[in-house]
Amino acid sequence: MMRPDDSSLSSGELLKVETIATNLLHRSDAWGAVPLPLGDVLAAAKLKLAPYSVFDPRSIKAYIAVKGTQVAKTIKSAIGKIFGILDASEEIIHIDDSLTPGKQLFLTLHETGHFELPHQRKLFRFFEDSEQELEPSIADQFEREANNFARFVMFNGDAFKQRAADMPLAFASIKKLQSQFKTSMYASIREYARTHHQVCFVAALEPTEVRSALGICAPVRRVEVSPSYERMFGRPQTTLITPGHALWPLIPLGGRRVTRPTTFILTDLNGDQHEFIGEALDTTFNILLFACPKKAFRTS
Ligand SMILES: [Zn+2]
């Protein structure tokens, strides 16, 4: 199943979120700073990050319940394991330290978004986020706002886009940017495709599985395309990559972690064929693909 959209807002809503995020970056003296000085950002927001050892959603909830009042109001009861909590009355964020550093950064800024967006803080004093809120299957306005806030602060406005534009169009550039920004690979490839000025796309696939009748296949988790790609080729609708699909040769199989640059053919909206080149990385959680027209591809 393709994951539902977890971040789209109207342009007016997005502008509001980005204005508040920009304001925080300036207050933190962090505008343009890469990697993001997270400590300064939290200090400017007047938020504390709880020591990791304290992370225990059940005891935090019990504590909140004892305190009574409307503090205990949660936006929704989180389903599944809770990864992050914002306790606005105590001005503290709790993050699960079993997450990767990139995910912890995103989640910390997502909780900061719940705190900084005045209409959210006015309504709720306590937010709990499980995997469902970070990638909500039921798209929730507040969660989409917090996701966009986190994305804007994490990539420092258009700092990621600007740096990407100065680098070769290749997966190697995404890896370099990811280590500079200290973001997750997943967030980095998405940001790369959706902000790049050239034709390219990325995809996150679930690990390959064997289905009866179908055989081996890789379900598509998410695809992001650059604006110029979408104009030429439209938005890919494939939900399953099976042998025979144009992207199949890119999937690392047989214990391989990466697929070296491999060419394949894509047909544009006018029916014209284009030679593309793609690379892939198996992170064990996902298979991440990057592809662009062969003539634009540069090895760094
Ligand atoms: Zn949230």
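Residues numbered from 1 in each chain as written. Predicted model: local features only at pLDDT ≥ 70, side-chain atom pairs only at ≥ 80, totals over all residues.

Okay, the nonpolar core next. Formed by 72 residues in total, the largest nonpolar core has its most connected members in Phe149, Val153, Cys200, Phe201, Val202 and Leu289. Of the residues that make up this core, three or more belong to each of domain 1 (11-154) and domain 2 (159-296). When near neighbours in sequence (up to four residues on either side) are disregarded, phenylalanine 149 contacts Val17, Ala21, Leu109, Gly113, Glu116 and Leu117. (Core = buried A, V, L, I, M, F, W, Y, C linked by C-beta atoms within 7 Å. Buried ≥ 20, exposed ≤ 12 C-beta atoms within 10 Å, placed from the backbone. Domains from an automatic or database assignment. Contact = placed C-beta atoms within 7 Å.)

With that settled, the discussion passes to the environment of isoleucine 93. Residue placement: isoleucine 93 occurs in strand S3 (residues 92-95). Residue isoleucine 93 is classed as buried on the basis of its 25 C-beta neighbours within 10 Å. Residues isoleucine 93 and leucine 49, 44 residues apart in the sequence, show an inter-C-alpha distance of 4.9 Å. Apart from residues lying up to four places away in sequence, isoleucine 93 is in contact with Leu47, Leu49, Ala50, Gly84, Leu86, Thr108 and Glu111. (Helix = DSSP H or I, 4+ residues; strand = E, 2+ residues; numbered from the N terminus.)

On the basis of which strands lie adjacent, the open sheet formed by four strands has the order S1-S3-S2-S4 and mixed pairing. Two strands lie at the open edges of the sheet, namely strand S1 (48-49) and strand S4 (126-130), each paired on one side alone. Where strand S2 (residues 82-87) meets S4, five bridges bridge the pair, whose relative direction is antiparallel. Residue pairing across strands places aspartate 87 opposite phenylalanine 126, the latter belonging to S4. (Pairing = 2+ DSSP bridges.)

As a note on interpretation, predicted positions should not be read in detail where pLDDT is low. Mean pLDDT over the protein: 88, with 85% of residues reaching 70 or higher. Taking the mean pLDDT of every element in the protein, the minimum, 63, falls on helix H6 (residues 131-134) and the maximum, 98, on helix H2 (residues 38-45). (pLDDT = per-residue confidence, 0-100.)

Spanning 16 residues, helix H4 (residues 101-116) covers 22 Å between terminal C-alpha atoms, matching the ideal 22 Å at 1.5 Å per step. Here H4 lies mainly inside the structure; 13 of its 16 residues are buried. (Expected span 1.5 Å × (residues − 1).)

In this structure, lysine 48 sits in strand S1. As a C-alpha pair, lysine 48 and glutamate 91 span 43 residues in sequence and 6.3 Å in three-dimensional space. Discounting chain neighbours no more than four positions away, the residues touching lysine 48 are Glu91 and Ile92.

A large share of strand S5 (residues 201-205) lies buried, amounting to five of its five residues. Burial along S5 is two-sided: Phe201, Ala203 and Leu205 and Val202 and Ala204, pointing in opposite directions, are all buried. As judged from the five bridges shared by S5 and strand S11 (residues 287-293), these two strands associate in the antiparallel manner. Bridge pairing in S11 places alanine 203 opposite leucine 289.

What follows deals with the packing of H4 against helix H7 (residues 141-154). One way to put it is that H4 packs onto H7 with a least axis distance of 8 Å and a crossing angle of 120 degrees. Classified by the angle between their axes, H4 and H7 sit oblique to one another. Crossing angle aside, the handedness with which H4 passes H7 is right-handed. Only Glu145, Ala146, Asn147, Phe149, Ala150, Val153 and Met154 of H7 make contact with H4, whose side of the interface consists of Leu105, Phe106, Leu109, His110, Gly113, His114 and Glu116. Grouping the constituent residues of the contact of H4 with H7 by class yields eight nonpolar, four polar and two charged. (Axes fitted to C-alpha atoms, helices over the stretch in contact; angles between N-to-C directions. Parallel < 35°, antiparallel > 145°, perpendicular 65-115°, else oblique. Left-handed = near helix turned anticlockwise from the far one by under 90°. Nonpolar A, V, L, I, M, F, W, Y, C, P; charged D, E, K, R; others polar.)

A few words now on unusual backbone geometry. The omega angle of the peptide bond from valine 34 to proline 35 is -5 degrees, so this bond is cis rather than trans. Of note, proline 35 is situated in the loop between helix H1 (11-27) and H2. Backbone geometry at aspartate 29 places phi at a positive 60 degrees, although glycine is not the residue there. In this structure, aspartate 29 sits in the loop between H1 and H2. A positive phi is found at alanine 213, a non-glycine position, where the angle reads about 80 degrees. Looking at the secondary structure, you find alanine 213 in the loop between strand S6 (209-211) and strand S7 (215-225).

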